[in-house]
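Survey of secondary and tertiary structure
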Amino acid sequence: MAEPNHPESWQMDPPQGKPLYSFDTHETEKLYVKRFLLLNRTRLLLLVLDLVIILTWFAHILNLGRYALLFTLFVVLVSCFLMRSRAKTAYKRQQRIQTGLTHYTFYEDCFTVQKSFGLFIFRYEDLYQIRIRKSSLCLIGALPYNFALLPGEYPAELADFLRERAPKSRVRILKDTLHTILLGIFAVTVLFCFLLLLMVLCDFEANPSLDPPLPAESYTEEAPAYTATPTPTEPPAETATPEESTATFGKDYIGSGYEAIYNTYIKDTSNTLTYRMGAKGEGYYIVNETADAVDLLQYDRDSQNGSCGLYVYQRCKKDAYGAWSWAGSEILNIYAYHYWDGVTAASGKTGWGDASALEYRELTGE
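A brief report on the enclosed structure follows. From a predicted model like this one, the values you see are computed outputs, not experimental measurements.

Thresholds applied
Residues numbered from 1 in each chain as written. Predicted model: local features only at pLDDT ≥ 70, side-chain atom pairs only at ≥ 80, totals over all residues. Heavy atoms only, no water. Pairing = 2+ DSSP bridges. Helix = DSSP H or I, 4+ residues; strand = E, 2+ residues; numbered from the N terminus. Axes fitted to C-alpha atoms, helices over the stretch in contact; angles between N-to-C directions. Contact = heavy atoms within 4.5 Å. Phe/Tyr/Trp six-rings, centres within 6.5 Å; stacked < 30°, edge-to-face > 60°. Buried < 20%, exposed > 50% of the residue type's maximum accessible area, 1.4 Å probe, protein only. Core = buried A, V, L, I, M, F, W, Y, C linked by side-chain atoms within 4.5 Å. Expected span 1.5 Å × (residues − 1).

Let's shift gears to the sheet that holds strand E8 (residues 274-277). What the 6 strands build is an open sheet, ordered E8-E9-E10-E11-E12-E13; its pairing is antiparallel. Both outer strands of the open sheet, E8 and strand E13 (344-346), are each paired with one neighbouring strand and no more. With direction set aside, neighbouring strand axes in the sheet form an average angle of 30°. Across 4 bridges, the pairing between strand E9 (residues 283-289) and strand E10 (residues 293-302) is antiparallel. Note on E10: the bridge partner recorded for Ile-286 is Leu-296. Most of the contacts of helix H6 (residues 253-266) go to strand E12 (residues 330-338), to which it runs at about 120°, and overall it touches E9, E10, strand E11 (308-317), E12 and E13.

Below is the structure:
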């Protein structure tokens with residue numbers, strides 16, 4: 001007899017002996033989709049698990065916060081929708097060659113499946129797997145010879161009968177499971193690389209060059225060379241006074257902006273000056289601190305015309321334990337510092353969408 005992996009090996013001489021169980025099943029689109037999902041449930045669950053783990057990690061990297069769960073749920077729903085669509089497509093393709101009922105007959109050593117286009121005979125020992133669940137049965141053979149029986153379609157005694165004849169080999173099951181896991185990892189890796197490339201392109205579009213902005217033609221003074229913002233090897237003491245603050249500012253464009261804005265707008269009301277680094281490496285200065293809140297000054301970005309640095313002056317309230325976070329911070333003002341002549345301007349904005357002062361708009365082009 002040929003090897004059991006070939007479809008021809010499933011067809012044998014008509015079985016001998018008395019039939020033990022015999023019944024018919026209907027084949028509507030709804031029932032076909034249920035059978036399809038039953039047969040592929042393990043594969044679908046493994047694929048969804050891969051997606052959830054990797055996408056959750058990716059969402060954490062992007063700092064999506066509360067949107068991470070929604071993003072992951074969206075991908076899972078899309079995966080389920082695609083699986084159902086695939087089942088409906090397979091049903092329509094099968095309807096071209098099969099109509100009517102499917103008749104199952106179970107014997108002592110084999111079972112038969114009678115369809116409208118032919119009779120198929122299968123030995124229990126040649127099946128890869130017999131899945132026996134509380135309310136369903138799945139008979140897994142060589143593709144496309146897989147069969148699923150739904151609740152109410154088969155006698156209850158058939159489950160115990162098949163459990164005694166379930167194949168012992170698990171090699172094929174392990175191969176299919178490994179194949180599904182690798183396929184899921186590959187698919188999510190491709191998605192991850194695509195999103196990573198998209199992030200790089202967007203970042204490059206927002207910051208096409210690391211070089212400092214060129215001065216306008218109306219200025220004759222040559223701009224100093226651009227240097228990176230220095231990272232203080234030792235943060236200033238919490239009790240640093242405004243008079244001692246000039247030593248804490250960097251000597252590059254961004255540091256000069258901090259110093260000019262601080263001395264112009266904040267110094268007279270400041271009670272401390274402390275340099276800190278955030279979790280992502282972004283620097284900022286604490287310029288006021290009370291029992292209820294801290295006031296922060298932080299560089300945000302370049303202006304639209306590329307000639308100014310924009311600095312956000314904001315307040316973060318403390319909780320009952322004296323701790324504070326960026327969440328729910330209140331914008332007190334947004335300042336601009338012109339890189340080439342040191343001119344500063346206050347926008348008067350207390351929200352990102354607020355209108356800004358005329359002097360600020362003319363300096364920044366926003």
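What follows deals with the packing of aromatic side chains. Each pair of aromatic rings is reported with the distance of its centres and the angle of its planes. Counted under the stated rule, the structure contains 24 aromatic pairs. Ring plane angle 90° and centroid distance 6.1 Å describe the contact between Tyr-104 and Phe-147, whose orientation is recorded as edge-to-face. Within this pair, whereas Tyr-104 is found in strand E2 (residues 102-106), its partner Phe-147 is found in strand E7 (residues 146-149), the two being separated by 43 residues in sequence. Tyr-104 sits in the buried class, given a relative accessible area of 4%. Members of the aromatic cluster, each reached through a chain of ring pairs, are Tyr-21, Phe-23, Tyr-104, Phe-106, Phe-111, Phe-120, Phe-122, Tyr-124, Phe-147 and Phe-161.

Let us look at the nonpolar core. Of all hydrophobic cores here, the largest spans 22 residues; its most connected members are Phe-106, Phe-111, Leu-139, Phe-147, Leu-158 and Leu-162. Elements represented by at least two residues in this core include exactly strand E1 (21-25), E2, strand E3 (110-115), strand E4 (118-123), strand E6 (137-140), E7 and helix H4 (157-163). When residues of this core are assigned to their parent elements, the largest contribution, 4 residues, is made by H4. When sequence neighbours within four positions are dropped, the list of residues in contact with Leu-162 reads Phe-106, Tyr-124, Ile-130, Ile-132, Leu-137 and Leu-139.

Its 14 residues place the ends of H6 19 Å apart at the C-alpha level, agreeing with the 20 Å of an ideal helix rising 1.5 Å per residue. Taken residue by residue, H6 has Tyr-253, Ile-254, Gly-255, Gly-257, Tyr-258, Ala-260, Ile-261, Tyr-262 and Ile-266 as its buried positions. Lining the buried residues of H6 we find E9, E10, E11, E12 and E13.

What follows covers the sheet that holds E2. Across the sheet, which stays open at both edges, the 4 strands sit in the order E1-E2-E3-E4 with antiparallel pairing between neighbours. On the outer flanks of this sheet lie E1 and E4, each paired with one strand and no other. Strand-to-strand twist in this sheet, taken as the mean axis angle between neighbours without regard to direction, amounts to 15°.

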